[in-house]
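Architecture and fold: a report
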Amino acid sequence: MGKALIAINAGSATLKFRAYQPDGVQLLARGLVDRFGAAGASLELDYGGRQTRVTLAGSGRDEAVAAVLNILADKGLEAVAVAHRVVHGGDRYTSPVVLTPEVVDHLAELIPLAPLHQPASLAVMSAFARLDSRLTQIACFDTAFHCGQPEVATRFGIARHWHEQGIRRYGFHGLSYASIARRLGDMALASQRVVVCHLGSGASACAIHDGRSIASSMGFSAVDGLMMGSRPGNLDPEVVLYWLEHEGMDIAQVRQELYKHSGLLGVSGLSADMRELLASKEPAAKEAIELFCYRAAREVASLATAMKGLDAVVFTAGIGERSPEIRARILKQLSWLGFEVDLAANLARSQRITTPHSTRHAYVIATDEEGEMAREAAALLSGDVQL
């Protein structure tokens, strides 16, 4: 039976997984558990171009994780290590780490900083440990890529003792940005000042110079920054106080409002799915799209200031990679910076989507969070921790 390194990307409703050779380079299989941890969950696997789909008998997360291991075993792949995407590593974990009880306990302490994402990752880690205690499990962190930011980029304008207690800007989507930064060198952009827009259900933007994170739109939590599918992005904190004091909302209700009822869904009143909004003729849908693009363009200009200049913009993630209209709208608002969209290239999803005469260029690069996790985990396991 062949050995495999498994990369796990757990969400609240889905579980994405990929199997790689132990060196973390060659992809062997990819799959998805839909309705993860709920009744009617299904598993899809692509192995060698052949598709397999099964409906899971149980509704628990243990059953789903067992199904992942079993279906890979059916294909002759034995998991020897599992790499997990962990949204929050705080300021302690600046690189991947092998899971130990102490590490798991510390990650649990960070749940208040990532209340939707952290519990899902911890639940999957526990499920793997119960099913096969021999497996080496590794945590790869979304916050790690941003740990080298200048001190000024990490601070809020609050009392120093709060910063010292960990209330600061962390930045997220770091595995996505690390995967993009790694490919900028192949495009002669390694030393350039680049803003990467990770646009999906969760959305953020990051200033990258010389392959390093300089500043990020997200801060203490994954709610800050750009407007997202159901999260508001930048929000005056007095709005939260108003909800608490004048609307009688409790903490749980406020959290639901911030994470589940805002963003594209809240503004449109229709959907958090950009595809549905683009197809809609409703004025509220158009307003939601306009606000999404406005916030993204405004953030690009802000991050350019953090780098003292801008050479290029990169679009990635679900919306960034698949929506020519959203890319064109954002770049149109940035035309004053010298971006000139090549309409044909944009519609064709070419890598470069600006004209040859454009003062600055924009690109589309597919993100590869799972691939980045596999590479980081393989380096850690081999002792080559220089990432």
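Just so you know, the residues in each chain are numbered from 1, in the order the chain's sequence is written. With the structure being a predicted model, the display of local features is reserved for residues of pLDDT at least 70 and the display and counting of side-chain atom pairs for 80 or more, all residues being used for whole-chain, interface and lining totals. Neither water nor hydrogens contribute to the side-chain values; these are computed over all heavy atoms in the structure.

Applicable threshold: UniProt positions are given in the numbering used here, feature names are shortened, and annotations may be inferred rather than shown by experiment.
An unreviewed UniProt entry lists the protein under the name Acetate kinase, from Vogesella alkaliphila. In its Pathway (unreviewed entry) section, the UniProt record describing the protein reads: "Metabolic intermediate biosynthesis; acetyl-CoA biosynthesis; acetyl-CoA from acetate: step 1/2." Per UniProt, the protein has the following entry under Sequence similarities (unreviewed entry): "Belongs to the acetokinase family."

1. Some thoughts on the pattern of salt bridges
When the charged atoms of two side chains with opposite charge come close together, those side chains can pair. To be explicit about the condition: Here a salt bridge means any side-chain nitrogen of Lys or Arg lying within 4 Å of a carboxyl oxygen belonging to Asp or Glu. Note on conventions: DSSP H or I runs of at least 4 residues are helices, E runs of at least 2 residues are strands, and numbering of each starts at the N terminus. With a 1.4 Å probe rolled over the protein chains alone, any residue whose accessible area is under 20% of its type maximum counts as buried; one over 50% counts as exposed, and the rest are partly exposed.
Under the definition given, this model contains 16 salt bridges. Across the salt bridge formed by arginine 85 and aspartate 142, the nearest N and O atoms sit 2.7 Å from each other. In this pair, arginine 85 is assigned in strand E6 (residues 77-86) and aspartate 142 in the loop between strand E8 (136-141) and helix H4 (151-154), connecting sequence segments 57 residues apart. Residue arginine 85 is classed as buried on the basis of its relative accessible area of 14%. Aspartate 311 is the partner of arginine 193 in a salt bridge, and the nearest nitrogen-oxygen pair spans 3.3 Å. You can see arginine 193 sitting in strand E9 (residues 193-199) and its partner aspartate 311 sitting in the loop between helix H11 (283-307) and strand E12 (312-316), a full 118 residues away along the chain. Assessed through its relative accessible area of 24%, arginine 193 is described here as partly exposed. The partly exposed category is assigned to aspartate 311, whose relative accessible area is 25%.

2. Quick word on the UniProt feature "active site" (unreviewed entry) in the protein
The cut-off we apply is this: Whether two residues are in contact is decided by their heavy atoms, any of which lying within 4.5 Å being enough. Polar contacts, as used here, are pairs of N or O atoms within 3.5 Å; protein pairs need one atom able to donate a hydrogen and one able to accept it. Residues neighboring in sequence count only if both atoms are side-chain atoms.
UniProt marks Asp142 with the feature "active site" (unreviewed entry), using the numbering shown here. Residue classification places aspartate 142 among the buried positions, given a relative accessible area of 0%. Residues within four places of aspartate 142 in sequence aside, it is in contact with Arg85, Val86, Val87, Gly171, Phe172, His173, Gly174 and Leu175. In this structure the side chain of aspartate 142 is engaged in a polar contact, spanning 2.7 Å, whose partner is the side chain of arginine 85.

3. Some points on the pairing of strand E5 (residues 50-55)
Test applied: When DSSP finds at least two bridges between two strands, those strands are taken to pair.
Buried residues are scarce in E5, accounting for 0 of its 6 residues. As defined by bridge partners, strand E4 (residues 42-47) adjoins E5 across 6 bridges and the pair is classed as antiparallel. When the bridges of E5 are listed, leucine 43 appears paired with valine 54. In this antiparallel pair of consecutive strands, E4 and E5, the connection spans 2 residues, and glycine 48 shows a positive phi of 60 degrees.

4. Here we look at helix H7 (residues 237-246)
Taking the backbone nitrogen of glutamate 238 as reference, a side-chain oxygen 2.9 Å away marks aspartate 236 as the first, capping residue of H7. Once H7 finishes, glycine 248 follows within two positions and takes phi at roughly 70 degrees, a positive value.

5. Observations regarding the UniProt feature "site: Transition state stabilizer" (unreviewed entry) in the protein
In this numbering, the UniProt entry assigns the feature "site: Transition state stabilizer" (unreviewed entry) to His173 and Arg231. With respect to the helices, strands and loops of the structure, histidine 173 is situated in the loop between helix H5 (160-164) and helix H6 (174-184). Ignoring any residue separated from it by four or fewer positions in sequence, one finds histidine 173 in contact with Arg85, Asp142, His198, Gly202, Ala203, Ser204 and Met218. By the element assignment, arginine 231 lies in the loop between strand E11 (212-216) and H7. By relative accessible area, which is 10% here, arginine 231 ends up buried. Arginine 231 has contacts with His117, Ser201, Gly202, Met218, Ala222, Val223, Leu258, Tyr259, Ser262 and Gly263, leaving out every residue within four places of it along the chain. A polar contact of 2.8 Å, which involves the side chain of arginine 231, links it to the backbone oxygen of alanine 222.

6. Considering the pairing of strand E2 (residues 14-20)
With 5 of its 7 residues buried, E2 lies for the most part within the structure. Of the strand pairs in this sheet, strand E1 (residues 2-10) and E2 are connected by 6 bridges, and their pairing is antiparallel. Residue pairing for E2: isoleucine 8 is matched across the bridge by phenylalanine 17. Judged from the 7 bridges that link them, E2 and strand E3 (residues 27-34) form a sheet pairing that is antiparallel. When the bridges of E3 are listed, threonine 14 appears paired with aspartate 34. Taking the residues between adjacent antiparallel strands as the criterion, E2 and E3 are bridged by 6 residues, where glycine 24 takes a positive phi near 75 degrees.

7. Section: the side chain of glutamine 137
Here glutamine 137 lies in strand E8. At a separation of 2.6 Å, a polar atom in the side chain of glutamine 137 contacts the side chain of histidine 84. Among residues more than four places away in sequence, those in contact with glutamine 137 are Val82, His84, Val97, Val98, Leu99, Met125, Phe128 and Ala129.

8. As for the packing of helix H1 (residues 61-74) against helix H3 (residues 118-131)
The geometry of a pair of packed helices is captured by two quantities: the angle between their axes and the separation between those axes. Stated precisely, the cut-off is as follows: Axis lines are fitted to C-alpha atoms, over the contacting stretch for helices. Their N-to-C directions set the angle, which ranges from 0 to 180 degrees. Should the near helix be turned anticlockwise from the far one by less than a right angle, the crossing is termed left-handed; should it be turned clockwise, right-handed. Residue type decides the class: Asp, Glu, Lys and Arg count as charged, Ala, Val, Leu, Ile, Met, Phe, Trp, Tyr, Cys and Pro as nonpolar, and the leftover types, Gly among them, as polar.
One can describe the packing of H1 onto H3 by two numbers: an axis separation of 9 Å at closest approach and a directional angle of 60 degrees. By crossing handedness, the relation of H1 to H3 is classed as right-handed. The segment H1 lies against H3, with Arg61, Asp62, Val65, Ala66 and Leu69 engaging Pro119, Ala120, Ala123, Val124, Ala127, Phe128, Arg130 and Leu131. Among the residues forming the contact of H1 with H3, the class breakdown is 10 nonpolar, no polar and 3 charged.

9. Quick notes on the sheet that holds E4
Strands pair in a sheet through their backbones, by hydrogen bonds, and they do so in one of two ways: parallel or antiparallel. Across the sheet, 8 strands lie side by side as E5-E4-E3-E2-E1-E6-E8-E7; this open sheet has mixed pairing. Strands with a single pairing partner mark the edges of an open sheet, and in this sheet they are E5 and strand E7 (97-98). Here H1 sits on the sheet in contact with E1, E2, E3, E4, E5 and E6, set at roughly 30 degrees to E4.

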